[in-house]
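# Structural characterization, general
Residues per chain, in single letters:
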Protein chains: 2
Amino acid sequence: MDLLKQRIQTDGLILNDSLLKVDSFLNQQIDPELMMKIGEEFANRFSNEKITKILTIESSGIAVSVMTGLILKVPVVFARKKKPTTTTDDVYTTKVYSYTKGESNIITISKKFLSPEDHVLIIDDFLANGEAAAGLTKIVEQANAKVVGIGIVIEKSFQPGARKLTEAGYRVESLARIKAFSNGKVQFL
Amino acid sequence: MDLLKQRIQTDGLILNDSLLKVDSFLNQQIDPELMMKIGEEFANRFSNEKITKILTIESSGIAVSVMTGLILKVPVVFARKKKPTTTTDDVYTTKVYSYTKGESNIITISKKFLSPEDHVLIIDDFLANGEAAAGLTKIVEQANAKVVGIGIVIEKSFQPGARKLTEAGYRVESLARIKAFSNGKVQFL
């Protein structure tokens, strides 16, 4: 997706040889028009699939997921990294390790939001080691629902997440695939 | 906003005399079309104002804010409840107490996303005691920017937040204003 790659080149900040900061349009400041174009792209790429629900994780996955859900006319469910006080329901949980943060989070989703009839598109902002996306697939499978595919905004292809998920049989669609950071520039695949 | 009030009546769950759970369309599962209609309503109510930025707080404020930002063609910035690992910037911070969770969070925003020229619309999902919204106004004022108004999806008018913010001089626009919960029903103002 050229528009996204251009934006990463102009506004992304390379922090070290594996960390890219895109907080000016995705992770803290959000560009709603870009989010809509990303939503359209996900909807296009998965247009041959029957999708009943989008699943993401708070917080940076929410904006693109809601735009995708608007186009596909399906609800979005986001996993929480902390059990909310107002949840008295049964929940699905799984542990997700974040290499960036160096900590594990238990992510939770109320059981009532996933059913065996659901065909679920998983969406997330980044794919690096694949821990968050793999955690979301585990939750879908706990619900006996079907993972239709995994839509990723930015894939760091030099880290093993995309390969691991593809080898596990999931269809991964990443809109920007980064080969490396070299000389302060982002190299795309 | 009648569509929203109807949805609260049909899908909201009253947990006790002050807690309403709307996680089937706003707080965990999100209805993107309803979010878009809420965005349109906020854009309408503040149509006489010059707005350069929308400010919200993760996670439940993001979906409505992004829709409002899409219509108004302005960026959305969300405050984080935890400082992200990839933030090396100077940040504005303030402490926000959550009565629902019984804990305080330090919320942060990178300084680069607010400037003295900004006219900021603050958006949040719930207004009860007003701690989160007041925290966001403090951050806008630390940046010497202007708070144009505060857009709230659901106001619990029997709690003091709306009154306190109005008395402090802010324009508060709440799309559903709840007077009380009685006999298992939501009573609107």
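Residues numbered from 1 in each chain as written. Chains lettered and ligands numbered in written order. Predicted model: local features only at pLDDT ≥ 70, side-chain atom pairs only at ≥ 80, totals over all residues. Heavy atoms only, no water.

## Things to note about the sheet that holds strand S5 (residues 76-79) of chain A
- Spatially, 7 strands are ordered S11(A)-S10(A)-S9(A)-S8(A)-S4(A)-S5(A)-S3(B) in an open sheet, and the strand pairing comes out mixed. Sheet topology places strand S11 (185-188) of chain A together with strand S3 (29-30) of chain B at the edges, where each strand pairs with a single neighbour.
- Sitting on the sheet, helix H2 (residues 32-45) of chain A touches strand S8 (119-127), strand S9 (146-156) and strand S10 (172-182) of chain A, and the angle it makes with S10 of chain A is about 120°. (Pairing = 2+ DSSP bridges. Helix = DSSP H or I, 4+ residues; strand = E, 2+ residues; numbered from the N terminus. Contact = heavy atoms within 4.5 Å. Axes fitted to C-alpha atoms, helices over the stretch in contact; angles between N-to-C directions.)

## Let's talk about the side chain of Glu173 of chain A
Residues and elements named next belong to chain A.
- Among the secondary structure elements, Glu173 is positioned in strand S10.
- Among the polar contacts listed, one links the side chain of Glu173 to the side chain of Arg45, at a separation of 2.9 Å.
- Sequence-distant contacts of Glu173, that is, excluding residues within four places in its chain, are made with Phe42, Arg45, Phe46, Ile150, Gly151 and Ile152. (Polar contact = N/O pair within 3.5 Å; in protein donor to acceptor, adjacent residues only side chain to side chain.)

## Overview of the packing of aromatic side chains
- Scanning the model with the defined rule gives 4 aromatic pairs over all chains in all.
- Aromatic side chains Tyr97 of chain B and Tyr99 of chain B sit 5.0 Å apart centroid to centroid with 90° between the ring planes, which places their arrangement in the edge-to-face category.
- Relative accessible area serves as the criterion here: at 33%, Tyr97 of chain B is assigned to the partly exposed category.
- If you follow Lys5 of chain A out to its NZ or CZ, it ends over the ring of Phe188 of chain A, 5.8 Å from the centre. (Phe/Tyr/Trp six-rings, centres within 6.5 Å; stacked < 30°, edge-to-face > 60°. Buried < 20%, exposed > 50% of the residue type's maximum accessible area, 1.4 Å probe, protein only. Lys NZ or Arg CZ within 6 Å of the ring centre and 35° of its normal.)

## So, the sheet that holds strand S11 (residues 185-188) of chain B
- Judged by pairing direction, the sheet is mixed, and its 7 strands sit side by side in the order S3(A)-S5(B)-S4(B)-S8(B)-S9(B)-S10(B)-S11(B) without closing on themselves. The open sheet has two edge strands with one neighbour each: strand S3 (29-30) of chain A together with S11 of chain B.
- Pairing of strand S4 (residues 53-57) of chain B with strand S5 (residues 76-79) of chain B involves 4 bridges; the strand directions are parallel. Bridge pairing in S5 of chain B links Ile54 of chain B to Val76 of chain B.
- Its contacts with the sheet place helix H3 (residues 62-72) of chain B against S3 of chain A together with S4, S5, strand S8 (119-127) and strand S9 (146-156) of chain B, and it is angled at close to 175° to S4 of chain B.
- Sheet strands in contact with helix H4 (residues 131-142) of chain B are S4, S5, S8 and S9 of chain B, and its direction is about 165° off that of S8 of chain B.

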